[in-house]
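Examining the three-dimensional arrangement
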Amino acid sequence: MDMSLSPDQEDVRKAVRAWVDDVVAPPALENDRKERFPQEALDGLRETGFIGLSIPEQYGGGGGDPMSYVLFIEELGRGDANVRSIVSVHLGLVAGSIERWGTEAQKQQWLPSMATGAVLGCFGLTEPDYGSNPADLQASAVKQSDGSYVLNGSKIFITNGTIAGVTLFMARTGGPGARGVSAFLVPNACPGFEARPIHGKLGLRSCDTAELVLRDVRVGPEALLGGQEGTGIRVALTALNDGRMSLGASCTGLAQAALDTMVSYTKERHQFGKPVAAHQLVQALIADTAVEVDCARLLTYRVADLKTRGEDYALAASKAKYYASEASVRAANACVQAHGGYGYIDEYAAGKYLRDARVTTLYEGTSQIQQLIIGRALTGLSAF
Ligand SMILES: Cc1cc2nc3c(=O)[nH]c(=O)nc-3n(C[C@H](O)[C@H](O)[C@H](O)COP(=O)(O)OP(=O)(O)OC[C@H]3O[C@@H](n4cnc5c(N)ncnc54)[C@H](O)[C@@H]3O)c2cc1C
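As the structure is a computational prediction, the values presented were derived from the model and not from experiment. (Residues numbered from 1 in each chain as written. Predicted model: local features only at pLDDT ≥ 70, side-chain atom pairs only at ≥ 80, totals over all residues. Heavy atoms only, no water.)

**Concerning the overall build of the chain**
- Per the secondary structure count, the chain includes eleven helices and nine strands.
- Taken over C-alpha atoms, the radius of gyration comes to 21 Å for the chain, in line with the 21 Å a tight globule of 384 residues would show.
- Across its three principal directions, the C-alpha atoms of the chain cover 80 × 50 × 40 Å.
- The buried share of the chain, taken over its 384 residues, is 54%.
- Residue pairs at least 24 apart in sequence account for 72% of intrachain contacts in the chain once pairs closer than 6 positions are excluded.
- Here the chain contributes 36 positively and 43 negatively charged side chains, and the mean placements of these two sets differ by 4 Å. (Helix = DSSP H or I, 4+ residues; strand = E, 2+ residues; numbered from the N terminus. Rg over C-alpha atoms; globule rule 2.2 N^0.38 Å. Buried < 20%, exposed > 50% of the residue type's maximum accessible area, 1.4 Å probe, protein only. Contact = heavy atoms within 4.5 Å. Lys, Arg positive; Asp, Glu negative; His and termini not counted. Charge placed at Lys NZ, Arg CZ, Asp CG, Glu CD.)

**A closer look at the site of the ligand**
- In the vicinity of the ligand there are 15 residues, among which Thr126, Ser132, Phe157, Thr366 and Gln368 approach most closely.
- Leu125 is positioned with one of its backbone polar atoms (N or O) 3.0 Å from an oxygen atom of the ligand.
- Here the ligand loses 66% of its free accessible area of 980 Å² to cover by the protein chains.
- The site holding the ligand turns out to be the largest pocket.
- Of all the secondary-structure elements, those providing two or more residues to the shell around the ligand are β3 (149-159) and α11 (367-379). (Near = heavy atom within 4 Å. Polar contact = N/O pair within 3.5 Å; in protein donor to acceptor, adjacent residues only side chain to side chain. Areas by Shrake-Rupley, 256 points an atom, 1.4 Å probe, with all protein chains shown as cover. 1 Å grid on protein atoms, 1.4 Å probe; cavity = no way out; pocket = protein on both sides within 12 Å on 5 of 7 lines; lining within 4 Å. Sits in = over half its atoms within 2 Å of the grid points.)

**Observations concerning the nonpolar core**
- Leu45, Phe72, Met114, Phe123, Leu168 and Met170 are the most contacted members of the largest nonpolar core, which totals 61 residues.
- No other element matches the nine residues that helix α5 (residues 81-101) contributes to this core.
- Beyond its immediate stretch of four places on either side in the chain, Phe72 contacts Val16, Leu45, Phe50, Leu53, Val87 and Leu91.
- Membership of the second largest hydrophobic core comes to 24 residues, among which are Cys207, Met262, Val336 and Tyr353. (Core = buried A, V, L, I, M, F, W, Y, C linked by side-chain atoms within 4.5 Å.)

**Here's the deal with helix α6 (residues 104-116)**
- Here α6 is 13 residues long and its end C-alpha atoms lie 19 Å apart, about the 18 Å a rise of 1.5 Å per residue gives.
- If you look at α6, its biggest bend is around 30°, right at Trp110, and the proline Pro112 turns up within four residues after that.
- For α6, the complete set of buried residues consists of Gln106, Lys107, Trp110, Leu111, Met114 and Ala115.
- Of the surrounding secondary structure, the elements contacted by the buried residues of α6 are α5, β1 (121-124), β4 (166-172) and β5 (181-187).
- In the segment just after α6, Gly117 is the residue with positive phi, at about 85°. (Expected span 1.5 Å × (residues − 1). Bend = angle between axes of the 7 residues up to and from the residue.)

**Regarding the domain arrangement of the chain**
- Entries for the chain in the domain assignment read domain 1 (7-119), domain 2 (122-230) and domain 3 (234-379).
- Averaged C-alpha coordinates put domain 2 and domain 3 at centres separated by 30 Å.
- Residue-level contacts link eleven residues of domain 2 with eleven residues of domain 3.
- Summing both sides of the interface, domain 2 and domain 3 together bury roughly 850 Å²; the carbon and sulfur share of this comes to 74%.
- Linking domain 2 with domain 3 are zero salt bridges, by the criterion used here.
- Considered class by class, the residues forming the side of domain 2 that touches domain 3 number eight nonpolar, two polar and one charged. (Domains from an automatic or database assignment. Buried area = accessible area lost by both parts, 1.4 Å probe. Salt bridge = Lys/Arg side-chain N within 4 Å of Asp/Glu carboxyl O. Nonpolar A, V, L, I, M, F, W, Y, C, P; charged D, E, K, R; others polar.)

**Side note on the pattern of salt bridges**
- Scanning the model with the defined rule gives 21 salt bridges in all.
- Between Lys34 and Glu30 there is a salt bridge, with its nearest N and O atoms 2.8 Å apart. Taken together, the positions of Lys34 and Glu30, both in helix α2 (residues 28-34) and four residues apart, correspond to about one turn of that helix.
- The closest approach of N and O atoms between Asp242 and Lys307, which form a salt bridge, is 3.1 Å. Taken as a pair, Asp242 in helix α7 (residues 232-268) and Lys307 in helix α8 (residues 280-308) lie far apart in primary sequence, 65 residues in all.
- You can call Lys307 partly exposed: its relative accessible area is 26%.
- The structure contains a network of salt bridges with shared partners spanning Arg17, Asp21, Glu75 and Arg78.

Spelled out as structure tokens, the structure:
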């Protein structure tokens, strides 16, 4: 689709697209079958410098603008949603939060090593009993007389949990509700910090998902993000605005991959003496998917544009995430349908697309939560 991109943005898209086609996409299906971590892709992200693409240049990153970031994530999502998820948590949720909320000392401490990928970030918000409602989370951070904090609690479904060097960890420092939650930058190597891998996922089988268990983990006052207690839920919600933009991009990429795969397969496969793509009902599947891919892309690019212009993009990000995630499930499902029985075996990518897409309507705010956010914005009435 033609969009008006700057020469720098075109260069990013071209470079990432070529690299994804060369390194990320080819082993994706085999990695999925074997639940094998995409190490070659992570090494390549470090070697190319893509791993730090959106971190400001002054901290050693690529200084990419929001649209470049979206193009990068879209291409990763097209190649392999597993690789995309490593990057969007690391860059969008964690590095982005440090950039937005951190003190200068915290930026100096973490961003240069995150820009090279020497340190990866993970985002510790969800708890076993608190998912859609993180304001009530129970992990605790108790301030000691010397200003340090002792952290206890567990987090579930944490992307990059076993491979990260730093966790953005939300814990309760004060009373109940959102105002009692603070954000900490916790080195994963701290004594008492345990990451337990979670296996048997429906999709995203080759990326790292973990339960984090913290028992009496002691961190200094410098670990408190921004040096201020009580901002944890605001930190999380602003991070999730970027996460939702990122998911819009990722789902656009995945839906594009499903569309491309569907078109090429149905042109090759013959039934009733002609390519199945020549049957009108198959073309309807293709046409509906193509329109949805464009809608998802345009909604997502709008978020990047609003962010670039310094405007509020929270609502637009919710809409993009909601639409693109649901559209990616429909696109992947259409891809399976167009493959007939071959869509149901893991020799083809169609099934992987569907399994990988499925989680996107669940995390970073389920589709129901996006509906509540959008409904609240339009009516002024909160259903939470
Ligand atoms: C593969 C994977 C990776 C993840 N990565 C991370 C990560 O890196 N960091 C992190 O912190 N979390 C992560 N998560 C967690 C994810 O964000 C949560 O699973 C998600 O927020 C939903 O929470 P829950 O699973 O507790 O579901 P619940 O909140 O228990 O929701 C269950 C159902 O109830 C519905 N529901 C809940 N409240 C309402 C309401 N008010 N109105 C209407 N319906 C409602 C939901 O939409 C859903 O359908 C990940 C999850 C997965 C599966």
